[in-house]
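Geometric and topological summary
Letter by letter, the chains look like this.
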Amino acid sequence: RSQTNVLSKHINSLKIPLLNICSNSNNYDTKFNVLEVAFSLIGCLGEHSALDVKDQMIEIFKILSNMFQKTLEEKNFPNLEICNYYQEYIASSLVGYVICGKADTNTTVILLQNIITSFKKRNGLYEEGITLIGGIAIFTQKYFDAVMQTVSPYLIKGLQSIDSPSLCQNSVVCLSDIIMALGDQNKYINQFLPIILNILSSIQLPM
């Protein structure tokens, strides 16, 4: 990662208006979705910003993670649809932060717990949540082993979702991230290999 880049001098002028847009659920629109674009942009800042603004990006990560926690209460949003879309937008925007180290450990632990809670409340998985779990594994490295018992049932469910190819493929990428993060501490190959072989042999999943 570079010490500085062209984004560094603009972070302060960008973060406040972007966060203001992201925090206003009235910006959600199925046709002209300013909200989705704003979350996408703030996610790009986390991924491509340089080391000299790392502390500022970690603060944004904390704000977005807190915003995610609020999505666990439907009463904070006009309706359940917008609440669920918020979860997906925020999760997607946070991936670049954890992968590039623009995060802190304590907030990340809480964020992972909240992702699992969101799965339970929705009674199902969503691609952005699974992808973010893989990013968290990359950020936490060998320490991710401590949560594998919690994460595994959801990851297995995603890998077995052959009737939902996109979710299945995101789950495969998540598993790959986890395996790379754990390195020589990985002891889950035998648990997941039969599921991967089943995916490869399935004619329902376009590869």
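These notes cover the structure that comes with them. Remember, predicted model here, so these are calculated numbers, not experimental data. Per chain, residue numbering runs from 1 following the sequence as it is written. Where local features are concerned, this predicted model is filtered to residues with pLDDT of at least 70; where side-chain atom pairs are given and counted, the filter is 80 or more; whole-chain, interface and lining totals use all residues. Side-chain metrics in this entry use all non-hydrogen atoms of the structure; hydrogen atoms and water are not considered.

Time to look at the pattern of salt bridges. Opposite charge on two side chains permits pairing when their charged atoms draw close. Just to be clear on terms, a salt bridge is a Lys or Arg side-chain nitrogen sitting within 4 Å of an Asp or Glu carboxyl oxygen. One pass over the structure, following the stated rule, counts three salt bridges. K62 serves as the salt-bridge partner of E59, at 3.6 Å between the closest nitrogen and oxygen. Of the two residues, E59 and K62 both sit in helix α3 (residues 54-70), three residues apart, roughly one turn of that helix. The residue D145 makes a salt bridge to K187 at a minimum N-O spacing of 2.8 Å. On the criterion of sequence distance, the pair formed by D145 in the loop between α6 (127-140) and α7 (148-159) and K187 in the loop between α8 (165-182) and α9 (189-201) is long-range, its members being 42 residues apart. A 1.4 Å probe rolled over the protein chains alone gives each residue an accessible area, and that area as a share of the maximum for its type sets the label: buried under 20%, exposed over 50%, partly exposed in between. Classification of K187 as exposed rests on a relative accessible area of 56%. Where helices and strands are cited, they refer to DSSP runs of H or I of at least four residues and of E of at least two residues respectively, numbered from the N terminus.

What follows concerns the packing of aromatic side chains. Ring pairs shown here join Phe, Tyr and Trp side chains whose ring centres sit within 6.5 Å, with only the six-membered ring taken for Trp; geometry is labelled stacked below 30 degrees between planes, edge-to-face above 60, and tilted in between. Counted by the stated rule, this structure contains eight aromatic pairs. On the numbers, 5.4 Å between centres and 75° between planes, the contact of F119 with Y126 is edge-to-face. Each member of the pair F119 and Y126 is classed as buried. Through a chain of ring-to-ring contacts, three or more aromatic side chains come together here, namely Y28, F39, F77, Y85, Y86 and Y89. By definition, being over a ring means that NZ of Lys or CZ of Arg is both within 6 Å of the ring centre and within 35 degrees of the ring normal. In this structure, R122 is placed above the aromatic ring of Y126, and the distance from its NZ or CZ to the ring centre is 4.1 Å.

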